[in-house]
Amino acid sequence: MPLEFSRFLKKVSVEVVVGRWSFQVEAMDRGKFSDEFTEKSAVLYLNEEFGKSNGFREGDIVRLTSGNKSVNLKVLFSDIAPENGAFMPNSIYTSYLTDFSSFKRFRATIEPSNDRITKPEEIMQKVLSMD
Amino acid sequence: MHVCAGCSCLCDDIEVEIRDGSVSKVYNACRRGAGIFLNTGSSRAEPKIDGDNADFEKAVKGAQEIIQSSDSLVIYGLDTVTLEAQELAIKLAEKKEAYIDDNSTFCLGDFVEMILRKDIPSTTLEEVKNNAYVIFYWGTDPYHSLSRHLSRYTYYPRGGKRQRGYEEDRFLVVLDVRKTHTAKLAKKNARFLKVDSDEEVMRGFIDALEGRSPKVFQKDIPRILKEMEKGGFNVIFGGLGLKYGLKGDYSILKEMIRKMNERSEVYFIPAGCHPNMRGFNELLFEKTGYVNKYSFKDQTSSDEFAFHRLLEDGKVDAALIIGSDPLNSLPLQYARKLADINTVVVDPRETFTGKIAKVVLPSSIAGIEGGGTMIGADGTRIRLKPVFEREINDEYVLKRLLEVI
């Protein structure tokens with residue numbers, strides 16, 4: 001049985017910057033309920049050095065938590081991510097995690113997850129069942 | 001040639017090839033623009049009532065009933081539709097004594113309002129192409145949000161007084177909290193300033209202009225100011241990063257631009273994404289003196305009348321959402337409340353908001369399936385030249401909704 005080192009990783013606290021990402025916007029026109037939209041939106045871009053130094057590999061699924069709200073995202077490395085933070089394209093995922101006071105930059109924690117990527121429909125379910 | 005209504009650039013040099021009744025090739029557009037044309041048939045909205053497919057006429061009747069019976073209606077969205085449709089929406093809001101608001105409340109409406117009130121000087125992209133030397137991108141990443149901005153209008157093109165190419169005739173300044181793709185272009189004749197506090201950087205420019213040493217970017221700020229004096233015509237493109245960085249207090253931005261203008265010409269243009277946000281702001285401003293979050297009942301604009309506040313405070317019993325998807329773009333703690341009231345969505349494509357709406361009415365994609373006029377972020381009016389004509393568009397739907405009021 002392979003060792004799952006990611007299980008021993010601790011939570012990492014980061015600032016997440018939200019912005020436009022033309023590849024994700026393109027996917028939006030193909031359909032917000034398409035797999036491509038999820039694939040391009042449910043992504044956490046990390047600076048490679050920062051990601052690796054915290055034990056994350058490209059393709060890992062992580063749980064991103066802000067306040068009491070969490071989503072599962074795929075980690076990708078990119079040189080446009082902040083050096084010690086993360087970047088996310090704006091979409092239903094960031095709308096779920098943010099408020100106007102933290103609309104373009106918000107604090108969050110990243111931790112490894114063995115679950116699958118959260119789908120937009122699941123976010124809608126969570127939101128609609130809120131009190 | 002067609003116009004791409006994908007963002008506020010409103011590029012009017014788009015060429016397309018049609019095969020079997022749909023767009024098969026697109027020339028000159030950016031990734032986003034090409035995607036809109038090529039995916040015209042994708043994820044199209046269908047008429048729905050309570051989530052079930054319905055006949056279009058029945059859906060119109062359902063929407064009419066909701067609007068007719070509403071005591072407190074809000075109309076929201078509108079930044080992706082034409083001026084003609086926006087005029088009808090404003091008329092509907094006026095007749096219903098409703099609230100009306102658009103994305104500019106949380107996007108760049110404050111900047112447009114400052115321009116319309118002449119608090120800050122602005123110019124057109126054509127003037128920028130022909131004259132601008134120092135070009136600031138402050139809190140915006142046009143590489144992804146306005147993809148042809150640099151190549152067609154600002155940094156790369158040769159025009160007017162700027163014939164020697166970007167290596168000599170432009171000076172690029174990118175200010176952002178991270179090194180964006182736009183920032184990576186800042187190499188020769190350029191500066192990238194990594195911003196922690198926008199206010200601190202603006203204070204640095206003001207200090208340098210008043211003869212003091214800036215506390216940040218001690219070498220870069222004086223050099224940029226020197227280049228601005230040399231160029232004589234300079235422009236600042238401000239994006240959402242700048243808006244949220246300043247937290248609603250723009251006094252220092254105005255002061256910095258005023259002081260810069262004592263040395264050389266400096267203009268400000270919002271770097272907004274929505275194709276006709278400025279159009280809505282201008283129309284409402286002409287009619288009411290305010291650019292957004294307006295109540296026709298109270299005859300004034302207020303933060304209380306911002307779309308998200310109306311939802312949060314439970315002040316509306318119905319919402320008409322046109323060409324926008326608040327569930328995708330607004331903090332969901334507010335947008336979720338659309339499920340508790342009578343929501344009508346008018347949109348050419350399937351949206352998350354459409355999934356929780358009582359009624360969905362499909363419309364056409366502006367610029368591809370319908371004509372009309374839009375106003376770009378620089379205030380230039382552009383006439384759309386559609387590829388196809390579709391009878392059911394935003395104007396048609398709004399006229400039908402107006403029938404019952």
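Counting restarts for each chain, with residues numbered from 1 along the sequence as it is written. A letter from A marks each chain and a number from 1 marks each ligand, given out in the order of writing. Side-chain atom pairs in this predicted model are given and counted only at pLDDT of 80 or more, local residue features only at pLDDT of at least 70, and totals for whole chains, interfaces and linings cover all residues. Values reported for side chains reflect all heavy atoms of the structure, with hydrogen atoms and water molecules removed beforehand.

Focus on the overall build of chain A
Piece 1. Of the regular secondary structure elements, chain A holds five helices and six strands.
Piece 2. Relative to its length of 131 residues, chain A is compact, with a C-alpha radius of gyration of 14 Å against a globular reference of 14 Å.
Piece 3. The principal-axis extent of the C-alpha atoms belonging to chain A is close to 35 × 30 × 30 Å.
Piece 4. Out of the 131 residues in chain A, the part that is buried amounts to 54%.
Piece 5. Any two residues whose heavy atoms approach within 4.5 Å are treated as being in contact. Considering only contacts in chain A between residues 6 or more positions apart, those separated by 24 or more positions represent 79%.
Piece 6. Entry remark: accessible area of chain A is about 6200 Å², with carbon and sulfur atoms responsible for 47%.
Piece 7. In this tally, Lys and Arg are treated as positive and Asp and Glu as negative; His is ignored, and so are the chain termini. Charge placement uses NZ in Lys and CZ in Arg. For Asp and Glu, CG and CD serve respectively. In chain A, 18 side chains carry a positive charge and 19 a negative one; their mean positions are 3 Å apart. Where helices and strands are cited, they refer to DSSP runs of H or I of at least four residues and of E of at least two residues respectively, numbered from the N terminus. We compute the radius of gyration from the C-alpha atoms alone; for a globule the expected value is 2.2 Å times N to the 0.38, where N is the number of residues. Exposure classes here rest on a 1.4 Å probe applied to the protein chains alone. A residue is buried below 20% of its type maximum, exposed above 50%, and partly exposed in between. Surface accessibility follows the Shrake-Rupley procedure with a 1.4 Å probe radius. Residue values consider only the protein chains on display as shielding.

Structural notes on the layout of surface pockets
Residue and element names in this part refer to chain B.
Piece 1. In this analysis a 1.4 Å probe is tested at points of a 1 Å grid over the protein atoms alone, and where it fits but cannot get out there is a cavity; an open set with protein on both sides within 12 Å along at least five of seven lines is a pocket; lining residues have an atom within 4 Å of a point. Grid points are joined across faces, edges and corners, and a volume is the space filled by probe spheres set on the points. Reported here for the second largest pocket is a volume of approximately 240 Å³.
Piece 2. Among the secondary structure elements, those contributing two or more residues to the lining of the second largest pocket are helix H5 (125-131) and helix H7 (149-153).
Piece 3. Counting residues per element, the lining of the second largest pocket draws most heavily on H5, which supplies three residues.
Piece 4. Each residue is assigned to one class: nonpolar for Ala, Val, Leu, Ile, Met, Phe, Trp, Tyr, Cys and Pro, charged for Asp, Glu, Lys and Arg, and polar for all the others, Gly among them. Class assignment of the residues belonging to the lining of the second largest pocket gives a composition of five nonpolar, four polar and five charged.

Observations concerning the packing of aromatic side chains
Residue and element names in this part refer to chain B.
Piece 1. Two aromatic rings, drawn from Phe, Tyr or Trp (for Trp, its six-membered ring), form a pair once their centres lie within 6.5 Å of each other, and the interplanar angle then sorts them: stacked below 30 degrees, edge-to-face above 60, tilted otherwise. One pass over the full model with this rule turns up 27 aromatic pairs over all chains.
Piece 2. Here tyrosine 76 and phenylalanine 307 contribute two aromatic rings whose centre-to-centre distance is 3.9 Å and whose plane-to-plane angle is 10°, an arrangement assigned as stacked. Taken as a pair, tyrosine 76 in strand E5 (residues 73-77) and phenylalanine 307 in helix H15 (residues 307-312) lie far apart in primary sequence, 231 residues in all.
Piece 3. Exposure remark for phenylalanine 307: the relative accessible area of 1% places this residue in the buried category.

Some details on the interface of chain B and chain A
Piece 1. Facing the 39 residues of chain B at the interface are 36 residues of chain A.
Piece 2. Put simply, buried area is the surface a 1.4 Å probe can reach on two separate parts but cannot reach once they are joined, added for both. Buried surface at the junction of chain B and chain A, summed over both partners, amounts to about 3600 Å²; 63% is from carbon and sulfur atoms.
Piece 3. Here a salt bridge means any side-chain nitrogen of Lys or Arg lying within 4 Å of a carboxyl oxygen belonging to Asp or Glu. Seen at the junction of chain B and chain A, the total is five salt bridges.
Piece 4. The shortest N-O distance in the salt bridge between A:Asp29 and B:Arg349 comes to 3.6 Å.

Topic: the environment of B:Glu369
All names here are of chain B.
Piece 1. With respect to the helices and strands, glutamate 369 occurs in the loop between strand E16 (359-362) and strand E17 (372-375).
Piece 2. You can call glutamate 369 buried: its relative accessible area is 6%.
Piece 3. Taking C-alpha positions, glutamate 369 is 5.4 Å from arginine 390, a pair spaced 21 residues apart along the chain.
Piece 4. Residues in contact with glutamate 369, not counting those within four places in the same chain, are Thr40, Arg44, Ser364, Pro386, Phe388, Glu389 and Arg390.
Piece 5. A polar contact of 2.9 Å, which involves the side chain of glutamate 369, links it to the side chain of arginine 44. Contacts described as polar in this section are N or O atom pairs within 3.5 Å, which, within protein, must combine one atom able to donate a hydrogen with one able to accept it, while residues neighboring in sequence count only if both atoms come from side chains.

Examining the sheet that holds strand E6 (residues 105-112) of chain A
Piece 1. Taken in spatial order, the six strands line up as E1-E5-E2-E4-E3-E6 (chain A) and close into a barrel, and their pairing is mixed. For this sheet the average axis-to-axis angle between neighbouring strands, irrespective of direction, equals 45°. Paired strands, in this sense, are two strands between which DSSP finds at least two bridges. For helices, the axis comes from a line fit to the C-alpha atoms of the stretch in contact; other axes are also lines fit to C-alpha atoms, and the angle between any two N-to-C directions lies between 0 and 180 degrees.

A few points about the domain arrangement of chain B
Residue and element names in this part refer to chain B.
Piece 1. Residue ranges assigned to each domain were obtained from an automatic or database domain assignment. Along its sequence, chain B is carved into domain 1 (43-106 + 275-402) and domain 2 (109-270).
Piece 2. Here domain 1 and domain 2 have C-alpha centroids that lie 33 Å from each other.
Piece 3. Across the boundary between the two partners, domain 1 contributes 15 residues, which contact 15 residues of domain 2.
Piece 4. Overall, the association of domain 1 and domain 2 removes approximately 1100 Å² of surface from exposure, summing both partners, and the carbon and sulfur fraction of that is 57%.
Piece 5. Its largest share of buried area at the contact with domain 2, domain 1 owes to Arg278, Phe285 and Asp378, together 40% of the area lost on that side.
Piece 6. Applying the counting rule to domain 1 against domain 2 returns zero salt bridges.
Piece 7. For the pair domain 1 and domain 2, the interface holds five residue pairs in polar contact (both at pLDDT 80 or more).
Piece 8. Split by residue class, the side of domain 1 that touches domain 2 holds six nonpolar, six polar and three charged.

What to know about the pattern of salt bridges
Piece 1. The final tally for this structure, using the stated rule, is 44 salt bridges over all chains.
Piece 2. Here B:Arg152 ties to B:Asp13 by a salt bridge, and the two come within 3.4 Å at their closest N and O atoms. Of this pair, B:Arg152 sits in helix H7 while B:Asp13 sits in the segment before strand E1 (15-19); the two residues are 139 residues apart in sequence, bridging distant segments of the chain.
Piece 3. Classification of B:Asp13 by relative accessible area gives buried; the value is 13%.
Piece 4. Counted as one network, the salt bridges with shared partners bring together A:Glu26, A:Arg30, A:Glu36, A:Lys40 and B:Arg31.

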